[in-house]
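Coordinate inspection notes
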Amino acid sequence: MKFCIQLLLLLPLWFSLKVKGDAVEVIELSSNWSISNQNGSISQVVKTLPSGVYSALYGDEILKSYNDINMRWIAYDNWTYTKSFPLDMDHFKHVRCFNLTFHGVDTIAEIRLNRRLLGRTNNMFVRYTYDVSKLLQNDNVLEVEFTSPVWSALSKARQLEAAGRAVPPACPPGRYHGECHMNMLRKMQASFAWDWGLAAPSMGLWKSVQLEMYEVALIRDVDVDMSRNDTHWNLHMSVFMDVQGKQNFNAELVFYAVELLSEPVVINYTSRPISYLSPVIVFDQAVPIDKVELWWPNGYGQQKLYPLHFALNAWLGSGVAEIRAKSKSQKSVRVGFRTLELVQQPAADAQGNTFMFRVNGVDIFMKGSNYIPSHILPELMTSEMNRTAYLLESAKEAHMNMLRVWGGGIYESDEFYDIADSLGLLIWQDMMFACAMYPTSEDFLASVREEVRQNAKRLSHHASVAIFVGNNENEAALVQNWYQTNDDRQRFEAEYRQLYLGNVLHELKLVSHSARPEPLVSSPSNGKASEQHEYISPNPQDTHNGDVHYYNHLADAWDTSLYPRGRFASEYGFQSLPRYTAWTRIQNKEDELSALMSHRQHHPLGMLPITTLVSSHLPLPLPDDTTYEQALIYLSQVAQALATKLETELYRSLRDTQHNTMGALYWQLNDVWIAPSWSSIDFNGNWKVLHYWARDFMAPIAIVALYDKPSKALNISLICDQLQVNTDDLSVVANIHLWSQLLPRNSTQWPVTLRPNGVHYDKIIPLKQMLNGEFNEHNAYLEFQLRRQEELLARTYYFPSSLASAVGISDPQLEIEISSKFCLQTTTGVRNSLSLTITVRRPAVFVYLELTYYPYRHKFSENGYIQNTPVHVVYVTVEAPSCLRVWFKSFFSILTVNDFMKRQH
């Protein structure tokens with residue numbers, strides 16, 4: 001608010017006293033469009049943009065039942081968006097330039113104004129701008145004619161095949177129920193289906209359309225690169241302008257940084273005009289260090305952001321802009337002051353290089369997840385920013401400090417990165433290429449270059465953007481022959497280097513930052529070590545360099561010896577199913593749940609990875625059991641949480657070992673529909689068991705107990721991400737529990753310490769030292785608590801045998817009561833809060849609560865927990881449009897592993 005007041009005081013002063021001219025005018029062409037299909041048999045009014053044909057016709061009904069197949073006809077037709085709009089040409093007769101700007105066109109289209117062709121689009125990630133100064137009339141008709149992306153992709157693929165330059169993969173696996181040749185188009189690759197998502201090959205105006213009226217130039221993007229010395233921060237700023245016409249022009253730029261500088265900075269281009277061929281203003285500004293508060297990733301400090309404002313006045317000729325000339329444009333950004341390095345130096349084990357992010361001089365373990373698009377229909381992403389904010393806030397709540405924006409989706413909205421800035425979530429930003437080879441025709445490469453230029457300029461100033469990466473898994477796909485490229489390996493290697501080195505990375509380096517590492521070519525890769533192989537390494541998954549992706553779908557996920565000891569794990573994970581009620585709400589009455597689950601399970605191995613993960617350690621009923629689907633859903637979430645916890649804890653514990661692992665980003669944070677997937681938050685925003693557990697296993701202070709097979713011992717590690725920590729009065733309490741009884745049956749305690757921003761390797765405890773006498777691997781389990789006197793700092797469990805074979809688990813005689821409730825009005829809606837008192841007479845294993853009555857997004861204080869005390873209180877918050885007055889305990893369902901042990905016996 002302080003910034004706004006100061007800016008309001010400053011801007012009128014400059015605009016009224018310094019120069020003449022008027023503000024650039026922008027008319028939003030967002031309302032009252034219509035769409036029609038090719039033969040005119042279907043027409044629909046579109047009230048507002050963003051829009052796509054799926055959502056215009058049916059909202060988000062594609063997400064229900066089998067509509068991903070039933071509505072596929074939409075993608076096979078061609079569609080035209082039409083808008084009529086008046087313009088008083090006499091009123092705007094003094095305007096020199098009229099730009100018609102499309103901020104997002106999905107994807108293959110012809111654009112016409114008053115029956116004159118403006119241009120053709122082929123890239124949904126590119127902003128298209130047309131000079132329409134000579135075409136506008138008092139009454140105008142704007143048409144955007146879309147060609148089916150399915151048939152467009154097929155046509156391009158056939159052209160390459162005819163020339164002997166086919167680019168695989170041709171089609172996705174059959175289980176995807178997808179469409180072919182996604183890699184032919186510069187379109188969200190996941191639109192054609194993925195192993196976690198449906199095919200919805202959309203068309204439409206997925207971002208705004210604007211008529212921009214100005215004299216000669218307007219500000220489009222601003223980049224701010226920061227570096228520091230002993231006394232000052234230097235801001236190296238680039239103000240990128242859009243221009244029409246072929247004339248150099250004069251300009252004056254005023255720069256405001258009201259929290260950093262006492263006066264505005266004025267930069268004049270009156271005696272030396274700006275070239276229309278390179279319309280950018282570059283300048284530096286020093287700021288004393290003592291005026292700046294650092295920006296830190298989540299968990300390490302505050303996220304102080306400083307507003308910067310740029311005001312441009314641009315005109316032709318040596319004088320000043322005329323009073324009525326629309327010569328003034330503005331742009332505001334928020335920046336955070338921080339240094340960020342990707343440290344790749346010879347590792348202590350003398351094998352390869354380190355791979356760790358150093359922020360403000362501090363080596364930080366990156367913990368987080370991978371982010372996919374928030375909706376399969378891109379036009380609905382911008383209208384659902386509440387969903388995006390919720391997902392990012394949930395990531396912060398789970399103590400994450402990094403998210404990887406995956407390369408098969410989109411470059412996210414400005415709001416996404418603004419939120420990430422404010423939450424301290426660093427962004428590993430893939431460019432939008434994933435799991436495929438790609439064409440290298442000149443028109444394709446030209447489109448890619450513009451895509452990279454525009455998006456890099458738009459995103460570069462954000463404190464959250466940590467690194468750009470050229471693609472997702474394409475180096476690994478080429479080297480490991482995923483798509484039978486070995487038959488023409490030389491060509492594919494040349495095309496790979498041409499696309500990523502000659503084009504994508506070339507453009508990224510134009511906006512390279514001293515405050516951001518050099519881009520990586522691929523993920524996974526050997527990072528810096530890839531250079532010696534010209535960025536196609538013999539083993540892109542080398543654990544001694546760069547980052548790794550790891551999946552092993554049918555192995556025992558409890559066996560931590562399976563997992564790679566790499567420098568940085570940027571992708572790994574396990575599938576689970578969304579909660580039972582989520583499925584019932586997308587079913588039609590005639591849908592059979594098991595068949596719908598199978599249809600939406602796109603993994604090439606079907607349900608086998610989930611059933612293997614569950615049945616190896618948990619009591620999964622037989623498929624003919626009436627509770628099978630419910631059990632599979634619940635137990636899949638528990639199994640996913642257990643496995644991801646173990647793998648993440650392993651990576652965190654390897655930080656200060658010879659492996660020097662410094663990152664763990666599990667796959668994946670979010671979903672695009674209700675389906676089997678690797679997500680920790682379902683499409684409705686409800687946390688799975690994994691996300692509840694992530695709050696603990698990614699906590700700044702954590703205790704880890706990992707079993708080592710060769711020594712048959714538990715390695716106890718204490719992890720601390722805090723830069724300063726109180727080490728007084730710390731102890732570990734080791735409790736031995738029987739599955740048949742509440743409360744611990746045996747307890748030992750010993751003093752410990754914590755290592756700030758590191759790992760304290762505490763004890764190696766032979767398992768037989770704890771499990772002897774009345775305790776054995778089947779009737780007992782272990783609990784380890786890190787405490788400061790009576791304060792519980794962290795807790796973990798170790799289960800010596802599979803729970804399916806555990807002895808003593810029986811009916812806990814669980815009861816639930818609603819002990820309190822209240823309603824609170826917040827800035828985002830109404831929050832209903834309840835306290836649930838849960839009582840048991842015997843241990844309840846992985847108590848799982850689900851709100852089944854109300855269809856609203858909700859969150860429990862914990863879920864999937866072990867209750868080994870008689871009474872426990874769980875809190876739940878429910879987001880709703882109003883206060884929910886009626887509550888009964890029957891509105892909640894509760895499941896435990898005990899329920900299915902009982903059925904099994």
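Residues numbered from 1 in each chain as written. Predicted model: local features only at pLDDT ≥ 70, side-chain atom pairs only at ≥ 80, totals over all residues. Heavy atoms only, no water.

Points about the overall build of the protein
Cut-off, in case you're wondering: Comment: elements are numbered from the N terminus, with helices defined as DSSP H or I runs of at least four residues and strands as E runs of at least two. Throughout, radius of gyration means the C-alpha value; the globule benchmark is 2.2 Å times the number of residues raised to the power 0.38. Note on classification: 1.4 Å probe, protein chains only; a residue is buried when its accessible area is under 20% of the maximum for its type, exposed when over 50%, partly exposed between these limits. When checking whether two residues touch, look at their non-hydrogen atoms; a contact exists if any pair is within 4.5 Å. Each accessible area value is a Shrake-Rupley result obtained with a 1.4 Å probe; residue values ignore everything except the protein chains displayed when judging cover. In this tally, Lys and Arg are treated as positive and Asp and Glu as negative; His is ignored, and so are the chain termini. Each charge is placed at NZ for Lys, CZ for Arg, CG for Asp and CD for Glu.
When helices and strands are tallied, the protein shows 17 helices and 44 strands. Against the compact-globule benchmark of 29 Å for 905 residues, the protein has a radius of gyration of 29 Å, which places it among compact chains. For the protein, the proportion of its 905 residues judged to be buried stands at 61%. Sequence separation of 24 or more characterises 73% of the internal contacts of the protein that already satisfy a separation of 6 or more. As presented, the protein carries roughly 34300 Å² of accessible surface, and 49% of it is formed by carbon and sulfur atoms. Seen as two clouds, the 79 positive and the 93 negative side-chain charges of the protein have centres 3 Å apart.

Re the state of the cysteines
So the rule is basically this: We call a pair of cysteine sulfur atoms a disulfide when they lie within 2.5 Å.
Tallying each qualifying case throughout the model produces two disulfides. Here Cys823 connects covalently by a disulfide to Cys883, the sulfurs 2.0 Å from one another. The disulfide joining Cys823 to Cys883 has a torsion of about -90° about its S-S bond and is therefore left-handed. With a gap of 60 residues between them, Cys823 in strand 38 (residues 815-826) and Cys883 in the loop between strand 43 (871-880) and strand 44 (892-895) connect regions that are remote in the sequence. Taking only the cysteines that form disulfides and numbering them from first to last, the protein has the pattern 1-2, 3-4. The thiol sulfur of Cys435 is not disulfide-bonded, and the nearest other cysteine sulfur, from Cys171, lies at 16 Å.

Remarks on helix 5 (residues 149-162)
Threshold: The span expected for a helix works out to 1.5 Å for each residue beyond the first. Two N or O atoms form a polar contact when they lie within 3.5 Å of each other; inside protein one atom must be a possible hydrogen donor and the other a possible acceptor, and for residues adjacent in sequence the pair counts only when both atoms belong to side chains.
Given a rise of 1.5 Å per residue, 14 residues ought to cover 20 Å, and the 20 Å separating the end C-alpha atoms of helix 5 matches this to within 8%. Where the residues of helix 5 are buried, they touch helix 4 (73-76) and strand 11 (192-194). Looking at where helix 5 begins, the residue whose side-chain oxygen comes 3.2 Å from the main-chain nitrogen of Val150 is Ser148. At the C-terminal side of helix 5, Gly164 shows a positive phi close to 75°.

Considering the nonpolar core
Heads up, the condition is: Nonpolar core, defined: a set of buried Ala, Val, Leu, Ile, Met, Phe, Trp, Tyr and Cys residues in which side-chain atoms within 4.5 Å join the residues together.
Grouped together as the largest cluster of nonpolar side chains are 215 residues, with contacts concentrated most on Phe102, Leu142, Leu205, Val504, Phe799 and Phe846. Considering every element that reaches this core, the biggest residue donor is helix 14 (residues 628-653), with 14 residues. Setting aside its immediate chain neighbours within four residues, Phe799 contacts Trp558, Leu642, Trp739, Tyr781, Phe846 and Ile866. With 36 residues, the next largest nonpolar core counts Trp233, Ile274, Val287 and Leu308 among its residues.

Considerations on the pattern of salt bridges
Which entries qualify depends on this criterion: We define a salt bridge as a contact between a side-chain nitrogen of Lys or Arg and a carboxyl oxygen of Asp or Glu at a distance within 4 Å.
Within this structure, the stated rule accounts for 40 salt bridges. For Asp242, the salt bridge identified is with Arg220, shortest N-O distance 2.8 Å. Of this pair, Asp242 sits in strand 15 (residues 232-243) while Arg220 is found in strand 14 (residues 217-228), placing the two residues 22 residues apart along the sequence. Both residues of the pair, Asp242 and Arg220, belong to the buried class. Notably, a salt bridge pairs Glu493 with Arg497, separated by 3.7 Å at the nearest N-O pair. On the criterion of helical spacing, the pair formed by Glu493 and Arg497 is a turn pair, its members being four residues apart in helix 10 (residues 489-508). Arg497 shares its class with Glu493; the two are buried. Through salt bridges that share partners, Glu110, Arg112, Arg120, Glu143 and Glu145 make up one connected network.

A word on the side chain of Ser55
Considering the arrangement of structural elements, one finds Ser55 in helix 2 (residues 53-58). Under the relative-accessibility criterion, Ser55 is labelled buried at 15%. Discounting residues that sit within four places of it in the chain, Ser55 has contacts with Leu377, Glu379 and Leu380.

Observations concerning unusual backbone geometry
In this chain, Pro168 is followed by Pro169 through a cis amide linkage whose omega measures 0°. Along the polypeptide, Pro169 turns up in the loop between helix 5 and strand 11. With an omega of 0°, the peptide bond running from Ser523 to Pro524 counts as cis. Structurally, Pro524 can be placed in the loop between helix 10 and strand 28 (548-550). One non-glycine residue with positive phi stands out, namely Tyr535, at about 70°. If you trace the backbone, Tyr535 turns up in the loop between helix 10 and strand 28. Phi at Leu743 is positive, roughly 65°, even though this residue is not glycine. Inspection of the secondary structure puts Leu743 in the loop between strand 33 (730-738) and strand 34 (746-751).

Quick notes on the sheet that holds strand 39 (residues 829-839)
Sheets are built from strands that pair by backbone hydrogen bonding, the pairs being arranged parallel or antiparallel. To be explicit about the condition: Strands are treated as partners if at least two bridges between them are detected by DSSP. Lines fitted to C-alpha atoms define the axes, with helix axes restricted to the stretch in contact, and inter-axis angles between N-to-C directions lie between 0 and 180 degrees.
Here four strands make up an open sheet; going across it, the order is 38-39-43-41 and the pairing antiparallel. Looking at the sheet topology across the chains shown, the edges are occupied by strand 38 and strand 41 (858-860). Neighbour-to-neighbour, the strand axes of the sheet open up by a mean angle of 20°, direction not taken into account. Note: strand 38 against strand 39, eleven bridges, orientation antiparallel. Bridging from a neighbouring strand, Lys821 pairs with Leu834 of strand 39.

What to know about the packing of helix 13 (residues 608-615) against helix 14
How we decide: Small angles under 35 degrees read as roughly parallel and large ones over 145 as roughly antiparallel, with 65 to 115 read as roughly perpendicular and the rest as oblique.
Running from N to C, helix 13 and helix 14 cross one another at 75°; their axes reach a closest spacing of 9 Å. Comparing their axes, helix 14 and helix 13 come out roughly perpendicular. Where helix 13 abuts helix 14, its residues Ile610, Thr611, Leu613 and Val614 lie against Tyr628, Leu632, Leu635, Ser636, Ala639, Gln640 and Ala643.

So, the packing of aromatic side chains
The test is simple: In this scheme Phe, Tyr and Trp rings, the latter by its six-membered ring, pair at centre separations within 6.5 Å, and the angle between planes marks the pair as stacked below 30 degrees, edge-to-face above 60, and tilted otherwise. Working rule: Lys NZ or Arg CZ, within 6 Å of ring centre, within 35 degrees of ring normal, means a charge sits over the ring.
Under the criterion given, the structure shown has 49 aromatic pairs. Measuring from centroid to centroid gives 6.0 Å for Trp887 and Phe892, while their planes differ by 20°, and the two rings are stacked. On the accessibility criterion, Trp887 (8% relative accessible area) is buried. Ring-pair connections join several aromatic residues into one group, and the members of that group are Tyr853, Tyr854, Tyr856, Phe860, Trp887, Phe888, Phe891 and Phe892. We note Arg186 situated over the ring of Phe433; from NZ or CZ to the ring centre the distance is 4.0 Å. Between Arg491 and the ring centre of Phe492, over which it is positioned, the NZ or CZ distance is 4.3 Å.

What about the sheet that holds strand 17 (residues 265-274)?
Here five strands make up an open sheet; going across it, the order is 1-20-19-16-17 and the pairing mixed. Whereas interior strands pair on both sides, the edge strands pair on one side only; in this sheet they are strand 1 (22-23) and strand 17. One ladder, built from six bridges, connects strand 16 (residues 249-256) with strand 17; its direction is antiparallel. Along strand 17, the bridge assignment pairs Phe249 with Ile274.

Brief notes about the environment of Ala456
Mapped onto the fold, Ala456 is located in helix 8 (residues 442-459). Note on Ala456: relative accessible area 1%, which makes it buried. Placed 56 residues apart in sequence, Ala456 and Ser512 show a C-alpha to C-alpha distance of 9.2 Å.

Topic: the packing of helix 8 against helix 10
Quick note on the threshold: The handedness criterion is simple: a crossing whose near helix is rotated anticlockwise from the far helix by less than a right angle is left-handed, and one whose near helix is rotated clockwise is right-handed. Any residue that is not Ala, Val, Leu, Ile, Met, Phe, Trp, Tyr, Cys, Pro, Asp, Glu, Lys or Arg is counted as polar, Gly included; the first ten are nonpolar and the last four charged.
Look at helix 8 against helix 10: their axes get within 8 Å of each other, and the N-to-C directions meet at 30°. When the axis of helix 8 is compared with that of helix 10, the two are roughly parallel. The hand of the helix 8/helix 10 crossing is right-handed. Here Leu445, Val448, Arg449, Val452, Arg453 and Ala456 of helix 8 lie close against helix 10, whose contacting residues are Gln498, Leu499, Asn503, Val504, Glu507 and Leu508. Residues that form the contact of helix 8 with helix 10 fall into these classes: seven nonpolar, two polar and three charged.

Comments concerning the pairing of strand 37 (residues 791-798)
Strand direction decides the pairing type here: strand 36 (residues 780-788) and strand 37, joined by seven bridges, are antiparallel. From the neighbouring strand, Arg788 faces strand 37, where its bridge partner is Glu791. What sits between strand 36 and strand 37 in their antiparallel hairpin is a turn of two residues, with Gln789 showing a positive phi close to 55°.

Section: the environment of Ser653
Counting through the fold element by element, Ser653 comes out in helix 14. Leave out the neighbours within four places in its chain, and Ser653 touches Leu706, Ser717, Ile719, Val759 and Tyr761. There is a polar contact of 2.7 Å between the side chain of Ser653 and the backbone oxygen of Leu650.

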